[in-house]
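Understanding the architecture of this molecule
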There are 4 protein chains.
Amino acid sequence: MPDSNFAERSEEQMSGAKVIAQALKTQDVEYMFGIVGIPVTEIAIAAQQLGIKYIGMRNEQAACYAASAIGYLTGRPGVCLVVSGPGLIHALGGMANANMNCWYAECCMSPPISMAETSAVRMAASVIRNAKQPLLIIGKGAAYAHAEENIKKLVEQYKLPFLPTPMGKGVVPDNHPNCVGAARSRALQFADVIVLFGARLNWILHFGLPPRYQPDVKFIQVDICAEELGNNVKPAVTLLGDISAVSKQLLEELDKTSWVYPPESKWWKSLREKMKSNEAASKELASKKSLPMNYYTVFYHVQEQLPTDCFVVSEGANTMDIGRTVLQNYLPRHRLDAGTFGTMGVGLGFAIAAAMVAKDRSPGQWVICVEGDSAFGFSGMEVETICRYNLPIILLVVNNNGIYQGFDMNTWKETLKFQDPTAVIPPMCLLPNSHYEQVMTAFGGKGYFVETPEELQKSLRLSLADTTKPSLINIMIEPQATRKAQDFHWLTRSNM
Amino acid sequence: MPDSNFAERSEEQMSGAKVIAQALKTQDVEYMFGIVGIPVTEIAIAAQQLGIKYIGMRNEQAACYAASAIGYLTGRPGVCLVVSGPGLIHALGGMANANMNCWYAECCMSPPISMAETSAVRMAASVIRNAKQPLLIIGKGAAYAHAEENIKKLVEQYKLPFLPTPMGKGVVPDNHPNCVGAARSRALQFADVIVLFGARLNWILHFGLPPRYQPDVKFIQVDICAEELGNNVKPAVTLLGDISAVSKQLLEELDKTSWVYPPESKWWKSLREKMKSNEAASKELASKKSLPMNYYTVFYHVQEQLPTDCFVVSEGANTMDIGRTVLQNYLPRHRLDAGTFGTMGVGLGFAIAAAMVAKDRSPGQWVICVEGDSAFGFSGMEVETICRYNLPIILLVVNNNGIYQGFDMNTWKETLKFQDPTAVIPPMCLLPNSHYEQVMTAFGGKGYFVETPEELQKSLRLSLADTTKPSLINIMIEPQATRKAQDFHWLTRSNM
Amino acid sequence: MPDSNFAERSEEQMSGAKVIAQALKTQDVEYMFGIVGIPVTEIAIAAQQLGIKYIGMRNEQAACYAASAIGYLTGRPGVCLVVSGPGLIHALGGMANANMNCWYAECCMSPPISMAETSAVRMAASVIRNAKQPLLIIGKGAAYAHAEENIKKLVEQYKLPFLPTPMGKGVVPDNHPNCVGAARSRALQFADVIVLFGARLNWILHFGLPPRYQPDVKFIQVDICAEELGNNVKPAVTLLGDISAVSKQLLEELDKTSWVYPPESKWWKSLREKMKSNEAASKELASKKSLPMNYYTVFYHVQEQLPTDCFVVSEGANTMDIGRTVLQNYLPRHRLDAGTFGTMGVGLGFAIAAAMVAKDRSPGQWVICVEGDSAFGFSGMEVETICRYNLPIILLVVNNNGIYQGFDMNTWKETLKFQDPTAVIPPMCLLPNSHYEQVMTAFGGKGYFVETPEELQKSLRLSLADTTKPSLINIMIEPQATRKAQDFHWLTRSNM
Amino acid sequence: MPDSNFAERSEEQMSGAKVIAQALKTQDVEYMFGIVGIPVTEIAIAAQQLGIKYIGMRNEQAACYAASAIGYLTGRPGVCLVVSGPGLIHALGGMANANMNCWYAECCMSPPISMAETSAVRMAASVIRNAKQPLLIIGKGAAYAHAEENIKKLVEQYKLPFLPTPMGKGVVPDNHPNCVGAARSRALQFADVIVLFGARLNWILHFGLPPRYQPDVKFIQVDICAEELGNNVKPAVTLLGDISAVSKQLLEELDKTSWVYPPESKWWKSLREKMKSNEAASKELASKKSLPMNYYTVFYHVQEQLPTDCFVVSEGANTMDIGRTVLQNYLPRHRLDAGTFGTMGVGLGFAIAAAMVAKDRSPGQWVICVEGDSAFGFSGMEVETICRYNLPIILLVVNNNGIYQGFDMNTWKETLKFQDPTAVIPPMCLLPNSHYEQVMTAFGGKGYFVETPEELQKSLRLSLADTTKPSLINIMIEPQATRKAQDFHWLTRSNM
């Protein structure tokens, strides 16, 4: 990494850089994330001269995560600019993550639209009409295909219950009366017909297998990627094609009869009861007055002030999992999280990408980035990037002093009293009461350290009110906070 | 990344973890760096129970850099513990860097010692005796082979000038009268015989080629790795074997005659003159009173207070290059820098590893980690790790508001007045006057923001005096600071 | 590779093998090709016990080529069984070849059928109706999709000229009056609208670019793989979906008007004229009486006796290229050749796979395997496999004593008179007059060495008549045989 | 693979080819093996023009095996010329094989010589002098290092028993009185000190572990590669350095006392007894008159006529294993076999390489290539290459109609009577009585089909007498031939 006297570079290098920049411009590239160095600085400059927005990041890892999110958010490729050698290697994490989320998958990105075979559509409609306990699952693929209009019609016209996957949230708003997210486990377990719109039967959906599902549940898979069809389970019907186009085919086919799923069915009743009791349980947890706060209390207060049009980015373990059940999305493609691969370190890169898109396409929208404290550590220095470009991001660090769990200050001090810290600090513990908010104030943003619901409410209000600066709210919670009791022994994940 | 109730894990998992930990212990592993997650948490715990020190890091990238440095510092493997998938990918940078620095190269790590062929040793001694303008270059390989005693004897007994490579610094102390570092370019350019002790003719040594060298310079290569012999240049003699053992063979062979290189030769005179004038030029630069400070002023003051037994870790562009010429090492294996591969982001991981070794092997030694501001951003969150384990590290962030160069605050504000920052901020600029020292105070360490020589002196004094806490000194320098004028047009790098 | 006393293997190994074999059986695997060794012998035996056909090959390379062809021929995966280490590496060639031909591509193999968007179909129909000089190109994808019925209707109902790609031959019979293969260059060069049915614009189709095409030619692409759409050229219309289903959509759309492409158009006249003159030129070449024979004479006589229902497998340089223009296919999926990747060595593996399929699905059909002499050398030992399983294969080795060209016996002897053969034998020369037919008789098959049209006719007659044994006809041709004169300088390939 | 009009290639291509050829010539490349095609034909021609010998092969697999053997035989790199894409993939097997045999390992190929540390040599000498039951094992590394002179002196001067590994055979002649190959198992099992000269403790040496070795056996490892030291076992002494130089160091050290290992020790007596009884058992097997012949009869007769200076190349399962114990080598680097990796298909490539070297360096020497019938099938077509260049190779195909074992003709016919061959032919069976010798006569060489000892003797005599042509002797043996009874249950390999 020799030094460079920038002005002295040869004409050749500059014109080579211009050719690359022009090629990217021709491909409608709008955003470039990266870290300059020899010999790529000129490319960044040339790109800026052509109107491509350049966002200089602090580590190629985060740069690549940011670039990969652009593809999902805008449907056009984002570019990650790195030097060869170490820069490229640092960027590999982002590439692998994008691949696991099907974000490089060209089969999903091409303009021509395909439809499902007519006879398969007829069969699917028939299976749906005969369902006793139907369920729609709306996945990231539906969001990516801009299928919101058609799927919402399906839900409303035929009175069907639906469940979004993490990144399928917002295709139909989370607060839609037909959303049964609050009875998730029951819905999955007792449905007899499940229609998957661009959703994979991966570990998040328990692979579609008993005991989380009925052994004879009929799956109808709607997807653009033939490879996804028939994974894990043998679907009753597969509809291969553009998810929006196929949803429309389904609408047209179902329209041919007067069938509607009866809103007073036993199934709807059972789901509504479960939703009610789960919501009551959550509310009880959320309203606990004891300090430090628990996850539910925190998310309850966040949800209360969450702007309906904001982007929500999230990563962490419990922070992401519980947050997902409480925080609501009302717009499609407005949630980004660690996803299928469970990659830690994606949050700030995603948030920066979302903020760039928000600024350009819908000024005034906030990006709310909800991070576990361990997750925040992976790319925390990108806070400088956020401040440098003054991006509309509010970072919430849900801080339990560790990975999964940590120590409170007293236990910490007791533990360190006698011995070498590398010998006695449990591997999941981080420094208690770390002032992550000062990482924000170090670069001119606003920072808040909050320990009570009132402090949380106030800091949120102030952060949302000040549109001239990014903020970080460092939210202290119970270091050993656990989830609410589960119904069944195999319920190792959220059961609402 | 499902959540985990740690207590509920099966016996099987624990005993599997114990087997792995025991195997590492058997290999004399002392240090394990990593980030826990399912299913590797148990391995970390089992390792701790067996007395292996576990250092929990904030990003696998830094964890892997730390682990790789352990091998160089202790001669035993360091271990990096990561989860599969994204964790492993994040760690790739460290693995690649270690490979480029020959740190995983087992051929360098095995105990048996080989010697050079006797006839080759005789020939090398003869070439040295006939040299008009000899030069020894001492590389990282000499440090790794613990060749300090024998090489120092060679230097002193035969009155030979020597030059260390970046990580060869300290094998013979930098302040040794025979060290011609301050006349580096001249020494390389006019030597007629150069003995390389574990040093590669890579870009740092200008590949051994004219015009930086005499076209007919004779190289004598001493190395443990046969693959390194004859790269780039055709050596006059190659001595394959353990560098310490071969140095001793050379000593014994040279001892057979009464030859000594005349200390009053023209060559010595020419080198001493150049050293004098270069040192004067540096001193002049260092003594400039204008503010913001320049690199030489900063390093001059740092050098003044640098403990003779400290570890120096460094990365950055000018920060690393200029710092290397001013900051002196007096002990072997006490300098770690971005090395051959020029990897950015290694500094904090290396510093943490060095601090662990210092604490255990020579308590009281400091690790001084000299970072460019851009370099610091790659792994800045590891400051929390430093504070958590309360490691004896002083971080110096030499801050020019950018990569290679940045904007001062006025230029910055002017630039942003009219337009979108992503369109007008040059790719090499970072936020001016970033308070990196607050990243340290956020976690309980000491932080200093310094703009004058006096503030720098004081903050250094305070930092070195307080052995109970790590510190970070954020040193503001001239954002467009450049180096001193170069003698020749091809002198694109340091010219001393 | 230690020896094995087969009977002594443990129960565990056998039951592990059974599990694997059962899993393959469940996937409807019918054929397994391979070479046994430790520890895979048991898998082959277990597979046989479950009714999977095991074909032991002589080199993993050929085994893998055979297995990959099964997928194309039957729509179900073929299996290649190899030992780990060297066996696996030998098999890589087959895997790479299959990949380049899209034979592992699961998107092509899945049962659900997708259709093109209705509006795109309408637009395509409109473009076709307005074409002045239309052309259909029928590719391997059309064969794979079993689109023969619908595409034949398109050709006949609307009187459209068509051209098959090498492996698209037979979807509509080569002797169909609308096939303009004999005017290939003219058809490509002057068409104004080209409909591609599962055909790639690769080097075989000159990448769709001038001067081989009109600069403003409109392409309509019909394909199942979105990634193929828009490669090289910007198509006027893209129809994404199952090729057979989309062809049917096109038929239905074109049916809505009474439009038919006028069979007496200038375009048809120009094509028919060119076909006539090219066929006359070929016939003249074919009827040359001079010896040794040329390619056209050979293929003319082969074509005369070629059974209409046979499989044709081919590889080589001129042998494959010229043979393709003369030898006709009348059935879909009955031609296999070296394909896009130009892999040499695939012929015998493909022929063995085709013969297995022929034996089981349409007994009595022959596989005619047309090999250049160099190509035959890659896997010639598989002749023993052919004889061992007594497969219905007739091998034609078109022998010009070399690669592209060779020496006749006199030139050879002259050349060798004075010097070391490795110094003077040109790299493309093989041993003249090699008796490849004896490689067949060595294993009990029939072999013929033919030098005249009469001998060729007779040997073909005898080979086809004896259904109890495979044959190899070694056909000597002019070693420097070249093609007929080309019309244009850029016609470096076949111009009919 | 488009056709090529060779004469029309551009000047540019030719001059590019010349540059490559010249670079290879500068590296002292003597031999190039390959298959030409576009665009590498010109490289082969340019290489020939510069005096590099070009050997055109029939499959890249064999070409690469040939090229890799050149490195071992001559100490200079051999070159394999292939087209990109499929050609390169076919060549991967050779590359992997060479790597497993350490033939690309540059650390073994560099000229500078290293020696072992003096103190380690002293310790090794002391361990040897105190041995009760010493054994030297001479490996491929000793052959590669040209250590024959020094090791022979060690054996003879100190009266030590030795054992060669497969490719270490001939460093000291196999018929040397101190060679205890005929008591291999006993020597390994009861030795108390074993000196390894460039031999790995891999599966061929049973990993150096009980019960094949004494639990407390002391290993002294002599090797050039530090990575090899300490694998599997913890050696008592390791001597890192050039094997020839270290052997000389050992000689000089042992010379310092008058010690000699007593030739009338119990150990020597025990070994001699075992050798006698094993040789008697072999001779009995060899002298069996029953037909078909067994392995020992075959090799006994081959050994009787084997020229003492020939190269022996071998591959197969029992063919290679048993042949190795009977066929003797008298010269170093004159045996090549399938080696550590057990790769099948290497034989003909190795034989062709050895023949090229023999022709050039020691005219008149034969290459005897001993192949199992299955092994021969992998590259049997290279017989045409052998005939084309008229190489001094005699191929012996030891034919048991299968892999490990096969069927005799009657069993074969019975088996096929009722059913489909792919269902009933066991996977290890090949066609019985295949006339592999006709693959040789097809190309003008001599071929023999032999079923009795007398026919074998005669055909060998004729083959060796005719130096103008290569021969292939197809030797029919008992299809179910097994080895002689083993002493212990764990003796799954040769026990002599």
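From a predicted model like this one, the values you see are computed outputs, not experimental measurements. (Residues numbered from 1 in each chain as written. Chains lettered and ligands numbered in written order. Predicted model: local features only at pLDDT ≥ 70, side-chain atom pairs only at ≥ 80, totals over all residues. Heavy atoms only, no water.)

Another aspect to go through is the domain arrangement of chain A. Many authors give the size of an interface as the accessible area that is lost as the parts come together. Residue and element names in this part refer to chain A. Here the domain parsing of chain A yields domain 1 (16-101), domain 2 (118-271) and domain 3 (288-484). Look at where the C-alpha atoms of domain 1 and domain 2 centre, and you get two points 37 Å apart. Facing the 5 residues of domain 1 at the interface are 5 residues of domain 2. Regarding the contact of domain 1 and domain 2, the summed buried area is about 440 Å², with carbon and sulfur atoms giving 49% of it. Our count for the domain 1 to domain 2 interface comes out at 0 salt bridges. Across the side of domain 1 that touches domain 2, the residue classes tally to 2 nonpolar, 3 polar and no charged. (Domains from an automatic or database assignment. Contact = heavy atoms within 4.5 Å. Buried area = accessible area lost by both parts, 1.4 Å probe. Salt bridge = Lys/Arg side-chain N within 4 Å of Asp/Glu carboxyl O. Nonpolar A, V, L, I, M, F, W, Y, C, P; charged D, E, K, R; others polar.)

Residue-level contacts link 15 residues of chain C with 15 residues of chain A. Regarding the contact of chain C and chain A, the summed buried area is about 1400 Å², with carbon and sulfur atoms giving 65% of it. Contact with chain A buries surface across chain C, with P112, M115 and E117 of chain C losing the most and accounting together for 36% of the total. On the surface where chain C and chain A come into contact, there are 0 salt bridges. Looking at the side of chain C that touches chain A, the elements with two or more residues in it are strand 4 (114-116) and strand 9 (237-240) of chain C. Top contributing element to the side of chain C that touches chain A by residue count: strand 4 of chain C, with 3 residues. By residue class, the composition of the side of chain C that touches chain A is 8 nonpolar, 4 polar and 3 charged. In terms of strand pairing, strand 4 (residues 114-116) of chain A meets strand 4 of chain C through 3 bridges, oriented antiparallel. Within strand 4 of chain C, the position partnered with S114 of chain A by the bridge is A116 of chain C. (Helix = DSSP H or I, 4+ residues; strand = E, 2+ residues; numbered from the N terminus. Pairing = 2+ DSSP bridges.)

It is worth spelling out the sheet that holds strand 3 (residues 79-81) of chain D at this point. Residue and element names in this part refer to chain D. Strand order in the open sheet formed by 3 strands is 2-1-3, with parallel pairing between adjacent strands. Both edges of this open sheet fall to strand 2 (53-56) and strand 3, since each of them pairs with a single strand only. Each adjacent strand pair in this sheet contributes to an overall mean axis angle of 25 degrees, direction not counted. Direction of pairing for strand 1 (residues 31-34) relative to strand 3: parallel, over a ladder of 3 bridges. (Axes fitted to C-alpha atoms, helices over the stretch in contact; angles between N-to-C directions.)

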